[in-house]
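Single-letter residue listing:
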Amino acid sequence: QVKLVESGGGLVQTGDSLKLSCAASGRSISDYTMAWFRQAPGKDREFVSGITWDGLSTQYADSVKGRFTISKVNDKNIAYLEMNGLKPEDTAVYYCAARPGITIKVPIAAYGVWGLGTEVTVSS
């Protein structure tokens, strides 16, 4: 079973950028489709972005399309979420997730492996 640990969160201002990392151990992420979710205070966890096992296909929530970029480096066993043009509504705990399949899924239940999250706060 792969284990995921997120890092890179922090407190930033509107318009700033952050790059989140998801370091995997236990198994190679080349076997997994990866995704980022986020959960804002008082709200449900939501899909942000996903990337297929081979890194060739990506998917984004409409709210982050054009601002966020997901990537993965299988040789280093790390996935990333680069976030540009951050807005206060991006404030949330960001979670990395993995599923042993070849397609990106949006539902939370499709992912069986989760990290503990990294907090992102965007001030106005």
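One can find the structure itself at the top, above this paragraph.
Reference entry: report on the structure contained in this document. None of the values given here were measured: they were computed from a predicted structure.

## Remarks on the overall build of the protein
Scanning the protein from N- to C-terminus turns up 0 helices and 11 strands. The C-alpha atoms of the protein give 13 Å as radius of gyration, which agrees with the globular expectation for 124 residues (14 Å, within 12%). For the C-alpha atoms alone, the extent of the protein along its principal axes is close to 40 × 25 × 25 Å. Here the protein, with 124 residues, has 44% of them falling under the buried criterion.

## A word on the state of the cysteines
Two cysteines joined by a covalent bond between their sulfur atoms form a disulfide. Evaluation of the coordinates by the stated rule reveals 1 disulfide. Across a sulfur-sulfur distance of 2.1 Å, Cys22 and Cys96 are joined as a disulfide pair. On the S-S bond that ties Cys22 to Cys96, the torsion sits near -80°, and the link is left-handed. Taken together, the residues span a long stretch of sequence, with Cys22 in strand 3 (residues 18–25) and Cys96 in strand 9 (residues 92–99) at a distance of 74 residues. Pair check on accessibility: Cys22 and Cys96 agree, each one buried.

## Some thoughts on the pattern of salt bridges
Per the stated rule, a full pass over the model turns up 5 salt bridges. Asp62 is the partner of Lys65 in a salt bridge, and the nearest nitrogen-oxygen pair spans 3.1 Å. With respect to class, Lys65 is no different from Asp62; both count as exposed. Three or more residues are tied together by salt bridges with common partners; here these are Arg38, Glu46, Arg67 and Asp90.

## Notes on the side chain of Thr118
The topology assignment puts Thr118 in strand 11 (residues 118–123). Residue class for Thr118 comes out buried when judged on its relative accessible area of 10%. For Thr118, the contacting residues outside a window of four places in its chain are Glu6, Ser7, Gly8, Gly9, Leu20, Ala92, Val93 and Tyr94.

## Comments concerning unusual backbone geometry
Backbone geometry follows two general trends: most residues other than glycine have a negative phi, and most peptide bonds adopt the trans configuration. Positive phi, normally seen in glycine, also occurs at Asn77, with a value near 60°. Along the chain, Asn77 turns up in the loop between strand 7 (68–73) and strand 8 (78–83).

## Side note on the nonpolar core
Membership of the largest hydrophobic core comes to 30 residues, with the highest contact counts inside it found for Leu4, Met34, Trp36, Phe68, Leu81, Met83 and Tyr94. Elements with a minimum of two residues in this core: strand 3, strand 4 (33–39), strand 5 (46–51), strand 7, strand 8, strand 9 and strand 11. Apart from the residues lying within four places of it in its own chain, the contact partners of Phe68 are Arg38, Val48, Tyr60, Leu81, Glu82, Met83, Asn84, Leu86, Asp90 and Tyr94. With 6 residues, the next largest nonpolar core counts Ala35, Phe37, Phe47 and Ala97 among its residues.

## Looking at the sheet that holds strand 8
Judged by pairing direction, the sheet is antiparallel, and its 4 strands sit side by side in the order 1-3-8-7 without closing on themselves. Every interior strand has two partners, whereas the edge strands, strand 1 (3–7) and strand 7, have only one. Strand-to-strand twist across the sheet, computed as the mean angle between neighbouring axes with direction ignored, equals 15°. Strand direction decides the pairing type here: strand 1 and strand 3, joined by 5 bridges, are antiparallel. Across the sheet, Leu4 pairs through a bridge with Ala24, a residue of strand 3.

Rules behind the numbers
- Residue positions are counted from 1 within each chain, in the order its sequence is given.
- In view of the model being predicted, local features appear only for residues whose pLDDT reaches at least 70, and side-chain atom pairs are presented and counted only at 80 or more, with totals across whole chains, interfaces and linings using the full set of residues.
- Side-chain numbers here rest on the full set of heavy atoms in the structure, without hydrogens or water.
- Helix and strand assignments follow DSSP, with helices taken as H or I runs no shorter than four residues and strands as E runs no shorter than two, numbered in order from the N terminus.
- Based on C-alpha atoms, the radius of gyration is set beside the globule rule, defined as 2.2 Å times the residue count to the power 0.38.
- Whether a residue is buried, partly exposed or exposed follows from its accessible area with a 1.4 Å probe, protein chains only, as a fraction of its type maximum: under 20%, in between, or over 50%, in that order.
- A pair of cysteine sulfur atoms is labelled a disulfide when the two atoms are within 2.5 Å.
- Here, a salt bridge means any side-chain nitrogen of Lys or Arg that lies within 4 Å of a carboxyl oxygen of Asp or Glu.
- We call two residues contacting when some pair of their heavy atoms lies within 4.5 Å.
- Put simply, buried Ala, Val, Leu, Ile, Met, Phe, Trp, Tyr and Cys residues joined by side-chain atoms within 4.5 Å make one nonpolar core.
- At least two bridges found by DSSP between two strands are what make those strands a pair.
- Interaxial angle, 0 to 180 degrees, is taken between N-to-C directions of lines fitted to C-alpha atoms, where a helix line uses only the stretch in contact.

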